[in-house]
Amino acid sequence: MAYEPKPEHKFTFGLWTVGSRGTDPFATNGPTRGPKTPAELVYLLGEVGAYGVNFHDNDLIPIDATPAEAESIKKDFRKALADTGLVVPMATTNLFSDPIFKDGAFTSNDPTVRAYAIKKVLNAIDLGVEFGAKTYVFWGGREGTETDSSKSAVDAIKRTREAINFFCEYALDKKYDLKFALEAKPNEPRGDIYNPTTGHMLAFIATLDHPEMVGVNPEVAHEHMAGINFMHGVAQAWEAGKLFHIDLNDQYPGRYDQDLRFGSRDIKAAFYLVKFLEDVKYAGSRHFDAHAYRTEDYEGVKDFARGCMRTYLILKEKAAQFNADKEIQSILAEINADDGSMSKFFGKYSAEKAAALKAQPFDRTAIAQRGLKYERLDQLTIDLLLGAR
Ligand code: GCO
Ligand code: MN
Ligand code: MN
C-alpha cells in the first residue's frame with residue numbers, strides 16, 4: 001500500500017489529540033464527540049498505524065482519581081499497548097487545565113502553587129518513565145500574563161530555570177534515562193506566554209545547570225502564530241544539537257490556535273520542513289499535536305490521523321524527488337558554485353588574512369548583477385508539489 005505508515009517512520013499522537021472531543025476554543029461550544037478511555041484511544045491509534053502514543057499525566061489518570069482507579073486505568077492501558085505494539089516515547093504534565101494554574105505553574109506569584117506544580121511534575125515524570133518515556137516535554141501554557149502589572153518577567157524566567165534545574169537533578173538522582181524538551185508558544189491560553197519562541201527557549205537552555213539534558217520541542221502552529229518561519233527555527237535547534245522532539249500540525253497566521261491536520265494549510269512550508277527532517281536524518285518522533293475538526297465523529301478522527309501521516313509520507317517522497325531532479329540540482333549546483341578563489345579569506349582569524357582581505361578588490365556592481373534563478377527554482381518546486389513534474 002502506498003504511503004503506509006510503518007514503525008520506522010516514528011509517527012506518534014498524544015492521547016489528547018485523537019482524544020479531543022471537539023470542544024472549540026469558545027467555551028460555550030461543548031464537545032461533539034463522546035469520551036474514549038486511554039486504552040480505547042490506543043486501539044484507535046493501532047488501527048490507523050501509529051507507532052507511539054504520548055500523554056499528559058491527567059490524560060491517563062484523572063487529577064482526582066483514587067489510587068485504585070489509577071491502577072485499573074494503568075492496567076487497561078498497558079494491555080492496549082501490549083496488544084497493539086504501540087510505545088510511549090514521550091510524556092508531559094498538565095500544568096494548565098486545573099483552575100489552580102490560572103496564573104501559571106512555575107511562574108505563579110503564589111509559592112504554594114509553584115510547590116504544587118513541582119510536586120505534580122515529579123509524580124508525572126515517574127508515571128512517564130513507568131511507561132517507557134525517554135523524552136519529557138514542558139509546555140508552559142499558563143506561564144504568562146494578561147497584565148504585566150501582575151508579575152516580574154525576570155522572576156518568571158528565574159523561577160522556570162530553578163524548576164527545570166530541579167527536574168534535571170531529580171532525573172539524575174533517580175537514574176532515569178530521560179531528556180527534557182521545552183515547547184514554546186507565544187500566546188493562548190494566556191494573553192502572552194514567557195519564552196515565546198523556540199529561539200527564546202534555546203537561549204534559556206544555555207543558562208541551565210544541565211543544558212546537555214534539555215532541548216526543544218518546536219511546534220509548527222506556535223511559530224506560525226508568531227509569524228515566523230518554522231523550518232528555520234527547527235534547523236537552528238538541530239544545528240545546536242537541541243531538536244529532541246517535534247510537534248507537527250498546521251495553522252493560519254493571525255487566527256486562534258487551530259491545531260490543524262499536518263500539512264493541511266501551508267503545503268510549501270510543510271514540504272520544506274519534511275525535506276529538512278529527512279535530509280538531516282532526524283531520528284526522533286514525528287509527533288502530531290493536532291486534532292480533528294469539530295464536525296467529525298471518531299471515523300473522522302481516524303481520517304484526520306491517517307491524513308497527518310499520509311501527507312508526511314507524500315512530502316517525504318516529494319523531497320526525494322526534489323533531491324533527484326536533474327534540473328533543480330543543476331540550478332542548485334550553479335548557485336552554490338565555488339571556484340575556491342575566496343577560500344584564503346575564510347576560517348580562523350589571522351592578522352595576515354585580515355590585511356589580505358582589506359587589500360582585495362571586489363567588483364560590487366558585476367557581482368550584484370548576476371541573476372540567481374530563484375524564480376525558476378521556486379516554480380520547479382511548485383510544479384513538483386502540484387504533481388506537474
Ligand atoms: C498547545 C500545546 C500542547 C502541548 C502539550 C504537550 O498548544 O496546547 O501544543 O498541546 O504540546 O501540552 O506538552
Ligand atoms: Mn499547540
Ligand atoms: Mn504542542
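Whatever comes next refers back to the structure up there.
Predicted model, so just to flag it, every value in this text is computed and none were measured. (Residues numbered from 1 in each chain as written. Chains lettered and ligands numbered in written order. Predicted model: local features only at pLDDT ≥ 70, side-chain atom pairs only at ≥ 80, totals over all residues. Heavy atoms only, no water.)

## Quick word on the pattern of salt bridges
Applicable threshold: One side-chain nitrogen of Lys or Arg within 4 Å of one carboxyl oxygen of Asp or Glu is enough to make a salt bridge.
Applying the stated criterion across every chain yields a total of 20 salt bridges. Ionic contacts of the salt-bridge type, sharing partners, join the residues Glu71, Lys74, Arg78 and Glu130 into one network.

## Section: the site of ligand 1
Heads up, the rule is: What makes a residue near a molecule or strand is one non-hydrogen atom of that residue sitting within 4 Å of it. The term polar contact refers here to a pair of N or O atoms within 3.5 Å; inside protein, the definition further demands a hydrogen-donor-capable atom paired with an acceptor-capable atom, and it admits residues adjacent in sequence only when both atoms are side-chain atoms. In these tables, accessible area is a Shrake-Rupley quantity obtained with a 1.4 Å probe, and a residue counts as shielded only by the protein chains included in the view.
Surveying the vicinity of ligand 1 reveals 13 residues, the closest of which are His56, Glu183, Lys185, Glu219 and Asp289. In the model, an oxygen atom of ligand 1 is placed 2.7 Å from a nitrogen or oxygen of the Glu219 side chain. In the environment of ligand 1, an oxygen atom lies 2.8 Å from a nitrogen or oxygen atom belonging to the side chain of Asp289. Compared with its free state, where it exposes 330 Å², ligand 1 has 92% of that area covered by protein.

## Structural notes on the coordination of the manganese ion (ligand 3)
Keep this limit in mind: Here a donor is any nitrogen, oxygen or sulfur atom (N, O, S) within 2.8 Å of the metal, with 3.2 Å used for Na, K and Ca; water is not among the atoms considered, so some sites may look incomplete.
Coordination sphere of the manganese ion (ligand 3), protein contribution only: Glu183 (OE), Glu219 (OE), Asp247 (OD) and Asp289 (OD), at 2.0 to 2.2 Å. In primary-sequence terms, the residues that donate to the manganese ion (ligand 3) follow E-x35-E-x27-D-x41-D.

## Overview of the nonpolar core
To keep it simple, the criterion reads: In this text, buried Ala, Val, Leu, Ile, Met, Phe, Trp, Tyr and Cys residues form a nonpolar core when linked through side-chain atoms within 4.5 Å. Categorising residues by exposure relies on relative accessible area from a 1.4 Å probe, with only protein chains included: less than 20% of the type maximum marks a residue as buried, more than 50% marks it as exposed, and the intermediate range marks it as partly exposed. Helix and strand labels come from DSSP, where a helix needs a run of H or I of at least four residues and a strand needs a run of E of at least two; each type is numbered from the N terminus. In this description, contact between two residues means that some pair of their heavy atoms is separated by no more than 4.5 Å.
With 92 residues, the main nonpolar core has Phe13, Phe77, Phe167, Phe180 and Phe262 as its most contacted residues. No other element matches the 11 residues that helix α11 (residues 298–324) contributes to this core. Excluding anything up to four places from it in sequence, Phe180 contacts Ile125, Tyr136, Phe138, Phe167, Cys168, Ala171, Met213, Val214, Gly215 and Phe244.

## Considerations on unusual backbone geometry
Here Glu188 and Pro189 are connected by a cis peptide whose omega angle stands at 5°. As for its placement among the helices and strands, Pro189 is situated in the loop between β6 (179–183) and β7 (192–193). Despite not being glycine, Lys175 shows a phi value in the positive range, around 60°. Counting through the fold element by element, Lys175 comes out in the loop between α6 (153–173) and β6. On the basis of relative accessible area, Lys175 is assigned to the exposed category, the value being 74%. Phi angles above zero are rare outside glycine, and Asn195 is one such case at about 50°. Here Asn195 shows up in the loop between β7 and α7 (198–205). Residue Asn195 is classed as buried on the basis of its relative accessible area, which comes to 10%.

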